[in-house]
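So the chains spell out like this:
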Amino acid sequence: MITFTRRLSTLVRQFSTTTSRMSYPSTIQAITISKTGGPEVIEKREIPFPEVASNHLVVKVQYFGVNFIDTYYREGVYSPSKFPFVIGKETGGIVVGLPTDESVLNDPDYKKRGYKEGSRVAVDYLSTHAEYISVPWKTVYLIPESVSTLTAVSALVQGITAISFMEEAYNVQKGDIILIHTVAGGVGLLMTQLAKSRGATVIGTTSTPEKAALAKANGADHVILYKSEDTVARVLELTNGEGVHAIFDGVGKDTFESDFLMIRRKGTLVSVGNASGAVPPFPPIKLVQKNLKLLRPTMNNYTYTPAEVLYYGNALFSLLANGTLKTQVFKEYPFSAEGVKQAQIDLTSGKTTGKLVVKVSD
């Protein structure tokens, strides 16, 4: 009798899922590239509705975030798997389809999430800048009532990057002095807020007085205008010649060599990104002079397991809800080729502060 009941339950679920899927559109609009290159290769095109695997959630997208990784794929720094290639890896919206795999539905980690149709979620998964997406459940963060979908999307990748890097790449502690390059950018502002909440002193670098004022408003203790000031001399002055405990460097090639002059003995250099280009190869013996640690982490290797995804998602949304972290949306762009082109141009210009988002639907 128990076996029959379970079988009947499975058939009902499969029938409901099939009926639900019949209501999906056959095609959707997506932001794609057909070749690598400049912003001009960005297109908005019609593509088939994504294939729905049995362990996937289907999400109707409302917003997506614009990140440097989008430009890396567009430029060919990272290799697209095929063309046309759907760009993007940060989205948010509403669950419209649940997994059908019994092993997933009975997985304790899956049950902890509490997904249901109508749930608001944020997603960290490649090739998801489209009207609908089908994604593995493990990559989906359930948004609590205390956080809006726009806030979740504007904070997801940059916020979890900030939290995981400041916990695992270098665990920022009370009394630390840290240096954050591009301190007024999306990640920089969140790192500043988080470091200050932990009792650290924050030194930041940025390009304009307006950005410096924004960084200070978010907690930075000292902000250096790298275009008009000697960054190395100023950092050493502020640290009595010792240097900082850790550097979080999202610039890359242009700041890498000077980082070694500003880090103290036994310090940690965290290469966060490569806005100015990738750091060129260098001999490991370069670390010997001060017994330095050097890391080039990625967020996704800190959110690899379901338990890690749940931990960092809960940490992010808790910090957003209690006001420790505050997102700054620079601009909301339209869901069009021109809108995404402009967003990427603005992002790489160095003139933006905070987060760039695209609105897809209500």
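Refer to the structure presented above.
Note that the structure is predicted; figures quoted are calculated from it, not measured. Once a new chain begins, its residue numbering starts again from 1 and follows that chain's sequence as written. Local features in this predicted model are restricted to residues of pLDDT 70 or higher, and side-chain atom pairs are both shown and tallied only at a pLDDT of 80 or more, whereas totals for entire chains, interfaces and linings draw on every residue. For the side-chain quantities, the full set of heavy atoms in the structure was used; hydrogens and water were omitted.

A. Main features of the sheet that holds strand β11 (residues 222-225). For two strands to be treated as a pair, DSSP must find at least two bridges joining them. For helices the rule is a DSSP run of H or I covering at least 4 residues; for strands it is a run of E covering at least 2, with both sets numbered from the N terminus onward. Within the open sheet, the six strands sit side by side as β11-β10-β9-β12-β13-β14. Their pairing is parallel. In this open sheet, the two strands that pair with only one neighbour each are β11 and β14 (293-295). With strand direction ignored, the average angle separating the axes of adjacent strands in the sheet is 15°. In this sheet, strand β10 (residues 201-206) lies alongside strand β9 (residues 177-180) in parallel orientation, the contact comprising four bridges. Bridging across to β10, L179 finds its partner in I203. Contacts from helix α5 (residues 149-169) reach β9, β12 (244-249), β13 (263-271) and β14 within the one sheet, and its direction differs from that of β13 by about 145°. Every axis in this analysis is a line fitted to C-alpha atoms, fitted for helices over the stretch in contact. Angles between the N-to-C directions lie between 0 and 180 degrees. Whether two residues touch is decided by their heavy atoms; if any such pair falls within 4.5 Å, the residues are in contact.

B. How the structure looks around the sheet that holds strand β1 (residues 27-33). Strand order in the open sheet formed by three strands is β2-β1-β4, and the pairing between neighbours is antiparallel. The two strands at the open ends of the sheet, each matched to only one other strand, are β2 (42-48) and β4 (85-86). Bridging between β1 and β4 involves two bridges; their strand directions are antiparallel. What sits directly across from T32, in β4, is V86. Seen against the sheet, helix α11 (residues 337-349) touches β1 and β2 and runs at an angle of roughly 135° to β2.

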